[in-house]
Amino acid sequence: MNIILASGSPTRKQILEDSGVTFEVIVKPIDEASIKNSMVHEGASNLSIVSALAELKSIKVSSETPGLVIGADQIMVFEGAIYDKPKTIEEARERLIAVRNKTHYLMGSVVVSERGVSVWRYNSKVELRVRSFTDKFIDNYIDQEGDSLLQTVGAYRFEKRGSQLFSSVKGDFFSVLGLPLLPLLDYLRTRNAILS
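J.: Whenever I open this one, the overall build of the protein chain confuses me. Can you help?
T.: Within the protein chain, the secondary structure is distributed over 7 helices and 7 strands. Starting at the N terminus and ending at the C terminus, the protein chain contains elements arranged as β-α-β-α-α-β-β-α-β-β-α-β-α-α. Against the globule reference of 16 Å for 196 residues, the protein chain gives a C-alpha radius of gyration of 17 Å, in line with a compact fold. Its C-alpha atoms give the protein chain principal-axis dimensions of roughly 50 × 40 × 25 Å. Sorting the 196 residues of the protein chain into buried and exposed places 45% on the buried side. Intrachain contacts of the protein chain at a sequence separation of at least 6 include 67% that bridge at least 24 residues.

J.: I would appreciate a short explanation of the packing of aromatic side chains in the present structure.
T.: Two aromatic rings, taken as a pair, are described by how far apart their centres are and by the angle between their planes. By the definition in use, this model includes 9 aromatic pairs. Geometrically, the ring pair formed by phenylalanine 78 and tyrosine 83 is tilted, given 6.2 Å between the ring centres and 50 degrees between the ring planes. Residue tyrosine 83 is classed as partly exposed on the basis of its relative accessible area of 26%. On the numbers, 6.5 Å between centres and 10 degrees between planes, the contact of tryptophan 120 with tyrosine 122 is stacked. Chaining the aromatic ring pairs together yields one cluster made of Tyr156, Phe158, Phe166, Phe173 and Phe174. Sitting over the ring of tyrosine 105, lysine 125 keeps its end group 4.7 Å from the ring centre. Above the plane of the ring of phenylalanine 137 lies arginine 131, whose end atom (NZ or CZ) is 4.5 Å from the centre.

J.: It is not clear to me how the side chain of aspartate 73 should be interpreted in this structure. Could you clarify?
T.: Its place among the elements puts aspartate 73 in strand E3 (residues 68–78). Relative accessible area serves as the criterion here: at 4%, aspartate 73 is assigned to the buried category. Only 2.5 Å separates the side chain of aspartate 73 from the side chain of lysine 57, close enough to count as a polar contact. For aspartate 73, the residues in contact, after removing those within four places along its chain, are Arg12, Glu32, Val50, Leu53, Ala54, Lys57, Met107, Gly108 and Ser109.

J.: Would you mind going over helix H7 (residues 181–190) with me for this structure?
T.: An α-helix turns once every 3.6 residues. As a result, residues three or four positions apart point the same way. Regarding H7, the residues found buried are Leu181, Leu184, Leu185, Tyr187 and Leu188. One face of H7 carries all of its buried residues, which in axial projection span an arc of 160 degrees. Of the surrounding elements, those touching the buried residues of H7 are strand E1 (3–5), helix H1 (10–19), E3, strand E5 (103–114), strand E6 (117–130) and helix H6 (173–177). Where H7 terminates, the next one or two residues include asparagine 192, which has phi positive at roughly 60 degrees.

J.: Would you explain the packing of helix H2 (residues 32–41) against helix H3 (residues 46–62) in this entry?
T.: When two helices pack together, their arrangement is given by the angle between the helix axes and by the axis-to-axis distance. In contact at an axis separation of 10 Å, H2 and H3 are set at 145 degrees when each is read in the N-to-C sense. Along this stretch, H2 crosses H3, giving a crossing that reads as right-handed. Contacts between H2 and H3 involve Glu32, Ile35, Lys36, Met39 and Val40 on the former and, on the latter, Ser48, Ile49, Ala52, Leu53, Leu56 and Lys57. Classifying every residue of the contact of H2 with H3 by side-chain character gives 7 nonpolar, 1 polar and 3 charged.

Reading the values: the criteria
- Residues numbered from 1 in each chain as written.
- Predicted model: local features only at pLDDT ≥ 70, side-chain atom pairs only at ≥ 80, totals over all residues.
- Heavy atoms only, no water.
- Helix = DSSP H or I, 4+ residues; strand = E, 2+ residues; numbered from the N terminus.
- Rg over C-alpha atoms; globule rule 2.2 N^0.38 Å.
- Buried < 20%, exposed > 50% of the residue type's maximum accessible area, 1.4 Å probe, protein only.
- Contact = heavy atoms within 4.5 Å.
- Phe/Tyr/Trp six-rings, centres within 6.5 Å; stacked < 30°, edge-to-face > 60°.
- Lys NZ or Arg CZ within 6 Å of the ring centre and 35° of its normal.
- Polar contact = N/O pair within 3.5 Å; in protein donor to acceptor, adjacent residues only side chain to side chain.
- Arc of directions from axis to C-beta.
- Axes fitted to C-alpha atoms, helices over the stretch in contact; angles between N-to-C directions.
- Left-handed = near helix turned anticlockwise from the far one by under 90°.
- Nonpolar A, V, L, I, M, F, W, Y, C, P; charged D, E, K, R; others polar.

Shape descriptors only; they carry no functional weight alone.
Below you can see the structure in the form of C-alpha cells.
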C-alpha cells in the first residue's frame, strides 16, 4: 500500500526516512492562515485548529492520490496565544526572549486519510520549559542557526542546538519535532502498510 506524506517539512520527511518507512511526498497547499483565523474567530480550541489543519492537508492529497496519506500540523501556544513561524530573524529573537524562563506548549496532530476521508488521527501536546539564558547565549545561538529558525513555530530546532534552550520537556520527542511517530507507526502496521 502506498504511503504519502502530505507535508513539505524536511523534519517530518527525515523522521519517516530514518524510521525506515518507504513513502513519497506530495504537497497540495491549503490557506492555513485564513483557516486558522476563521477558527480562532469562531472560538475553536487550539487542538481543534491544529487537528483541522492536519486533516485538510491529508484529505486534499488523498482525494486525488491512492494510498494512505499522512497530514500533520503543529502550533505553538504561549500565554494563551497561537504563534506561527516567525517571518524575520528579529521576530525569532523576540519570541525566544519572550519565552525565556517560561513555559509554552507545542500542540500537534497527525491524520491519515484514504480516498478523501480521514481514517485515523492522533493529537499531541508537549510542555516545554525554557531556561534562563543570557543575551550573549541567544545572540550566539541566532548567529549559528540563522534562517533555519524561520522554519519552526518555536524559532528553534529541538533536535539540534535548540535543545540547549530548555530546562525541561514533558512529552514525546517526536511530537516536539512535529510528527508523533510511534502512534503513526502502530497505525501503519494495523493496515499492513509496513511490516509488523
